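Each chain, written out:
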Amino acid sequence: MNRILFPCTPTTFLLFLVYMDFLAVLLALGLGFAWHQNPTAYTGEGDPITWLSFAHLLVISGLAGGVFYSRTDGSLDLAVWRQPAFVWLLIALGFLFLAVDEVAKIHESLDRFAHRLLQRPETALTDRLDDAILLGYGLSGMAVLYAYRSELISYRPVLPLVVCGFVLFLFMGLLDALVNRPDVFLFMGISQEGSASLGKWLGGVEEGLKILAEAAFLGAAYTCLFLTAEADCGRDRD
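From a predicted model like this one, the values you see are computed outputs, not experimental measurements. (Residues numbered from 1 in each chain as written. Predicted model: local features only at pLDDT ≥ 70, side-chain atom pairs only at ≥ 80, totals over all residues. Heavy atoms only, no water.)

A few points about a nonpolar patch on the surface
Alright, step 1. Residues Leu135, Leu139, Met142, Leu159, Val163, Val167, Leu170, Phe171 and Leu174 make up a contiguous nonpolar surface patch of roughly 840 Å² in combined accessible area.
Alright, step 2. Tallying contributions element by element places helix α7 (residues 159–179) first for the nonpolar patch, with six residues.
Alright, step 3. Counting through the fold element by element, Leu170 comes out in helix α7.
Alright, step 4. Relative accessible area serves as the criterion here: at 42%, Leu170 is assigned to the partly exposed category. (Patch = residues over 30% accessible without salt bridge, like charges linked within 9 Å, V, L, I, M, F, W, Y side chains within 5 Å. Areas by Shrake-Rupley, 256 points an atom, 1.4 Å probe, with all protein chains shown as cover. Salt bridge = Lys/Arg side-chain N within 4 Å of Asp/Glu carboxyl O. Helix = DSSP H or I, 4+ residues; strand = E, 2+ residues; numbered from the N terminus. Buried < 20%, exposed > 50% of the residue type's maximum accessible area, 1.4 Å probe, protein only.)

In structure tokens:
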């Protein structure tokens, strides 16, 4: 096994990744609160947590691309889309899009474009359109994995990580919709000031869930490439 490509086992990689991500999130939230009285001060567009998320998504894309390259022996013929291994290219392109979306905020731009196109003012419901788009991303990903389940059956060891990633992603989306506006907190009888404070802290939790969801997917992608390389080595020995 190539020690440069795989400096550690998937388990060690995942534990180290989760530890570092958890530390990064706690540091960002703690510094945001200590210096700005706002735990989300360093989780917005262009801030460190956004770039950490971007890096996660980009690496996942690269690892999935590596699995695709290995599974197709580097061949890119026109009929590749008919092969079960084509799912790895779809995963790679999907996470590449998510990486771009993370820094370019494409789904939020679509939200604003829809309001301008319909010439309707934002409401509590329509203002959460970007959250619905994020949910659509997740559902699309699940549909792709299910459609190509025959290819993925040999990667069953990563199923718990993938499920964990989707669950964390779902909770992140729900929290994002909850803190989008203070209307729900106000309806519950929480004061305007209390709603703003609670929204900031829950927004920090939301960012933490996003990073941990990405860590689960990144751990799964690393494991898949590791298993693919192991299988290739086994065939070479035979």
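Re the pattern of salt bridges
Alright, step 1. What the rule picks out here adds up to three salt bridges.
Alright, step 2. Ionic pairing is found between Arg71 and Glu151, a salt bridge with its closest N-O pair at 2.8 Å. Placement of Arg71 in helix α2 (residues 48–71) and of Glu151 in helix α6 (residues 149–152) is noted, with a sequence separation of 80 residues between them.
Alright, step 3. Overall, the relative accessible area of 34% leaves Arg71 in the partly exposed class.
Alright, step 4. You can call Glu151 buried: its relative accessible area is 5%.
Alright, step 5. The partner of Glu207 in a salt bridge is Lys210, and the shortest N-O contact between them spans 2.9 Å. Highlighted residues: Glu207 and Lys210, both in helix α9 (residues 192–237), separated by three residues, approximately one helical turn.

Regarding the packing of aromatic side chains
Alright, step 1. A complete count under the given rule lists eight aromatic pairs for this structure.
Alright, step 2. Both rings, one in Trp51 and one in Phe54, keep their centres 5.5 Å apart while their planes meet at 80°; by these two values the pair is edge-to-face. Of the two residues, Trp51 and Phe54 both sit in helix α2, three residues apart, roughly one turn of that helix.
Alright, step 3. Taken together, a centroid distance of 5.2 Å and an interplanar angle of 80° make the contact between Phe166 and Phe217 edge-to-face. Taken as a pair, Phe166 in helix α7 and Phe217 in helix α9 lie far apart in primary sequence, 51 residues in all.
Alright, step 4. Looking at Phe217, the relative accessible area reads 13%, which means it is buried.
Alright, step 5. Grouping aromatic residues by their ring pairs yields a cluster made of Phe95, Phe166 and Phe217.
Alright, step 6. Above the ring of Tyr146, the side-chain terminus of Arg149 is found at 4.1 Å from the ring centroid. (Phe/Tyr/Trp six-rings, centres within 6.5 Å; stacked < 30°, edge-to-face > 60°. Lys NZ or Arg CZ within 6 Å of the ring centre and 35° of its normal.)

As for the packing of helix α1 (residues 10–36) against α2
Alright, step 1. Contact geometry of α1 with α2 gives a least axis separation of 11 Å together with a crossing angle of 160°. With respect to α2, the element α1 is oriented roughly antiparallel. In the crossing of α1 with α2, the sense of the turn from one axis to the other is left-handed. Listed contacts from α2 to Leu17, Asp21, Ala24, Val25 and Ala28 of α1 are Ile49, Leu52 and His56.
Alright, step 2. Across the contact of α1 with α2, the residue classes break down as six nonpolar, one polar and one charged. (Axes fitted to C-alpha atoms, helices over the stretch in contact; angles between N-to-C directions. Parallel < 35°, antiparallel > 145°, perpendicular 65-115°, else oblique. Left-handed = near helix turned anticlockwise from the far one by under 90°. Contact = heavy atoms within 4.5 Å. Nonpolar A, V, L, I, M, F, W, Y, C, P; charged D, E, K, R; others polar.)

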